[in-house]
Amino acid sequence: FVSVAPVSAKTYVVGTSAGFPPFEYIQEGKIVGFDVDLMKAIAESQGFEVEFQDISFDSLIPGLNAGTIDIVAAGMTITEERAKVVDFTEPYYSANQALLVKEGSGNTLTVLFGNHNIAVQTGTTGDLWVEENLEKTGILTGKVTRFDTFVLAIQDLINGNVDGVVLDTPVAKRYAAEKPVVMVAEIITGEQYGLAVAKGNKELLEKLNKGLEEVKTSGKMDELLKKYF
Ligand code: ARG
């Protein structure tokens with residue numbers, strides 16, 4: 001009988017929701033992007049391994065709480081509501097919300113009013129903004145379609161099924177550069193992205209914050225920002 005001591009570094013499962021370029025998206029069947037490289041750099045600096053899991057955005061926080069994933073790296077905005085159920089690292093990116101319309105449609109920000117149809121990704125801050133400011137106020141009387149991924153929401157916009165998509169500015173800009181869609185308005189929400197861990201997982205939170213700090217001071221962060229933005 002031989003007892004074997006573990007020799008390999010600990011592997012943490014990182015949950016993300018690809019379809020949020022350039023933070024996380026699928027390229028040649030692989031999950032790639034800024035958040036992926038950032039997590040790999042943090043892991044390298046702190047001596048652990050990472051493995052990525054692509055799940056729907058609104059399953060990320062439940063996944064942390066259930067222990068099926070250890071870390072969320074998904075361009076997730078630090079909000080008070082979320083911070084009640086998970087712990088966030090220091091912020092690593094700032095963003096606002098934006099409105100995308102179809103190229104050539106002649107649509108403007110007036111699609112946020114009246115009988116227009118808007119698409120969002122379920123459970124995102126864009127979804128919440130639309131609910132709070134357009135639906136509850138009655139400003140918008142059309143339909144709001146909530147999709148599992150922004151890829152589907154953008155597709156619906158291009159197909160002409162919805163008049164606008166509300167999503168984070170950096171991602172809106174990326175879609176506008178690659179697809180027949182145009183960013184016609186920025187909605188100043190002043191959001192900051194953080195990585196998240198299960199509530200109370202101090203050890204991992206500390207590693208992530210230390211790693212973030214090192215990635216920033218070593219110049220790796222600037223390198224990644226240059227690569228993706
Ligand atoms: N920042 C927004 C939020 O926290 C959207 C994030 C969407 N992320 C993604 N990987 N699809 O709600």
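Residues numbered from 1 in each chain as written. Predicted model: local features only at pLDDT ≥ 70, side-chain atom pairs only at ≥ 80, totals over all residues.

Caption draft 1: Focus on the environment of E186. Inspection of the secondary structure assignment puts E186 in strand β11 (residues 181–193). Taking the number of C-beta atoms within 10 Å as the measure of exposure, E186 has 14 and is therefore partly exposed. Separated by 17 residues in sequence, E186 and T169 place their C-alpha atoms 7.0 Å apart. Once residues lying within four places of it in the same chain are set aside, the contact partners of E186 are N96, A98 and T169. (Helix = DSSP H or I, 4+ residues; strand = E, 2+ residues; numbered from the N terminus. Buried ≥ 20, exposed ≤ 12 C-beta atoms within 10 Å, placed from the backbone. Contact = placed C-beta atoms within 7 Å.)

Caption draft 2: Summary view of helix α1 (residues 34–46). Here α1 is 13 residues long and its end C-alpha atoms lie 18 Å apart, about the 18 Å a rise of 1.5 Å per residue gives. When α1 is considered as a whole, its buried residues turn out to be F34, D35, V36, L38, M39, I42, A43 and Q46. The elements touched by buried residues of α1 are β1 (11–16), β3 (30–32), β4 (49–54), α7 (202–217) and α8 (220–228). (Expected span 1.5 Å × (residues − 1).)

Caption draft 3: Molecular detail of the sheet that holds β1. Strand order across the open sheet formed by five strands is β4-β1-β5-β12-β6, with mixed pairing between neighbours. The strands lining the two open edges of the sheet, one partner per strand, are β4 and β6 (86–88). Looking at chain direction, strand β5 (residues 71–72) and strand β12 (residues 196–198) are connected through two bridges and run antiparallel. Residue V72 lies in a different strand from β12, and its bridge partner there is A196. Lying on the sheet, α1 is in contact with β1 and β4; it crosses β4 at an angle near 155°. (Pairing = 2+ DSSP bridges. Axes fitted to C-alpha atoms, helices over the stretch in contact; angles between N-to-C directions.)

Shape descriptors only; they carry no functional weight alone.
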